[in-house]
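# Architecture at a glance
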Amino acid sequence: MVGPRAYIFFALNVVRFLSIVSLILVFASSIFVIVTDVEAVNAFQAAKQSGNATAQDFADCEYIENSTVPNQIGGVFWAVINRLLIIFQVVILFLSEIGWPSAFFDRFFPVLGTGFGLGALGIFQGLIGAAVLSQHVDDFTLVSAFFLFVLGCINIRSITSWREDAKGVLPTTNLRTATNLDLNRSGSSNSGQSSTSSTMYEKSSGVSEFGAVRNASRAGYGFGRQGEKAAGLKGQFSSLCFVRTISSS
């Protein structure tokens, strides 16, 4: 009989497949929007030069007709840069979904690597989908972006949905007690471990590095007034001992 974890495995793979499909659709729609914007800008410039419309008609347009390009200084540049950045992000997410190259993501972009869950992927998908949906686009681009946004929400939701199941899988670390620590200081291969263990033992039991027992009442006074007072008392005590030694000799 198939267990519940098998159904979760199949569901995750279905979501992963749909995520890859949505990324491909957004990639294709972004290229389509770039081509449409360039054609609309060319038509806009041709109409301006031909004199078919007045200058006031062009100034009243907030966006160039049939495009996502704002009618302002550098509008064409920023519109194209926006689409190119979206395409770049889609390519990165697509490579992380197929798991190649996994070593690159684990080292340079770990939130999309094998050591992290689907939360970061869902956030990036939601941001891309919201950026596309915030503009007036054609139906193909609209459906693709909405599809990607929904899958991003599903990936974000997967964090809270299966968090309870993942608690038993996460590794736990327990510190050993001081009585079980290895205090061997020999020059063997376990020297690093033994030195670390001895340091922990010294902190817990109050034994210094050379075997002297540390007294909590004789702690360091630092460089303040207490330290100056303690240093002065020690100097007087040592001078008295030196005078007694000379007088007795």
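Owing to the predicted nature of the structure, the values given are computational and were not obtained by experimental measurement. (Residues numbered from 1 in each chain as written. Predicted model: local features only at pLDDT ≥ 70, side-chain atom pairs only at ≥ 80, totals over all residues. Heavy atoms only, no water.)

## Focus: the confidence of the model for the protein chain
What counts here: Confidence of the predictor at the level of single residues is captured by pLDDT, which takes values from 0 to 100. What makes two residues a contact is simply this: any of their non-hydrogen atoms within 4.5 Å.
Mean pLDDT over the protein chain stands at 74; residues scoring 70 or higher make up 60%. Every residue in residues 163–218 scores below 50 in pLDDT, and together they form 36 contacts with partners more than four places removed in sequence or on other chains.

## Description of the packing of helix α3 (residues 75–98) against helix α5 (residues 119–133)
Worth spelling out the cut-off: Axis angles are defined between N-to-C directions and span 0 to 180 degrees, where every axis is a line fitted to C-alpha atoms and, for a helix, only to the segment in contact. Numbering of helices and strands runs from the N terminus; a helix is a DSSP stretch of H or I covering at least four residues, while a strand is a stretch of E covering at least two. Throughout, the term roughly parallel applies to angles under 35 degrees, roughly antiparallel to angles over 145, roughly perpendicular to angles from 65 to 115, and oblique to all others. Definitions for this section: a left-handed crossing has its near helix turned counterclockwise from the far helix by less than a right angle. A right-handed crossing has that turn clockwise. Residue type decides the class: Asp, Glu, Lys and Arg count as charged, Ala, Val, Leu, Ile, Met, Phe, Trp, Tyr, Cys and Pro as nonpolar, and the leftover types, Gly among them, as polar.
For the pair α3 and α5, interaxial distance at closest approach is 11 Å and the crossing angle is 150°. As the angle between them shows, α3 and α5 are arranged roughly antiparallel. α3 and α5 meet at a crossing whose hand is left-handed. Contact residues: α3 offers R83, I86, Q89, V90, L93, S96 and E97, while α5 offers L121, F124, Q125, I128 and V132. Tallied by class, residues from the contact of α3 with α5 come to seven nonpolar, three polar and two charged.

## Some remarks on unusual backbone geometry
Convention followed: Each residue's exposure class comes from its accessible area (1.4 Å probe, protein chains only) as a fraction of the maximum for that residue type: buried when under 20%, exposed when over 50%, partly exposed otherwise.
Of the consecutive residues W100 and P101, the connecting peptide bond is found in the cis state with omega at -10°. Even without glycine at this site, N66 takes up a positive phi of about 60°. Tracing the backbone through its elements, the reader meets N66 in the loop between α2 (55–60) and α3. Overall, N66 belongs to the exposed group, its relative accessible area being 63%.

## Structural notes on the packing of aromatic side chains
Centre distance and the angle of the planes are the two values used to describe a pair of aromatic rings. The criterion, for reference: Ring geometry is summarised as follows: Phe, Tyr and Trp rings, the Trp one being its six-membered ring, pair when their centres sit within 6.5 Å, and such pairs are stacked at plane angles under 30 degrees, edge-to-face over 60 and tilted between the two.
Counted according to the given criterion, the structure contains five aromatic pairs. Their ring planes at 80° and their centres at 5.5 Å tell us that F104 and F105 sit as a pair that is edge-to-face. What makes F105 buried here is its relative accessible area of 2%. Taken together, a centroid distance of 5.3 Å and an interplanar angle of 40° make the contact between F104 and F108 tilted.

## Examining the nonpolar core
The test is simple: Only buried Ala, Val, Leu, Ile, Met, Phe, Trp, Tyr and Cys residues count toward a nonpolar core, and they belong to the same one when joined by side-chain atoms within 4.5 Å.
Counting 13 residues, the largest nonpolar core has V26, I86, V90, L93, L112 and I128 as the members making the most contacts within it. Elements that contribute at least two residues to this core include exactly α1 (4–50), α3, α5 and α6 (139–161). Per-element tally for this core: the top contributor is α3, with four residues. Residues contacting V26, with those up to four places away along its chain left out, are I86, V90, I128, S144, A145 and L148. If you look at the next biggest cluster of nonpolar residues, it comprises six residues, including A40, V41, F44 and V69.

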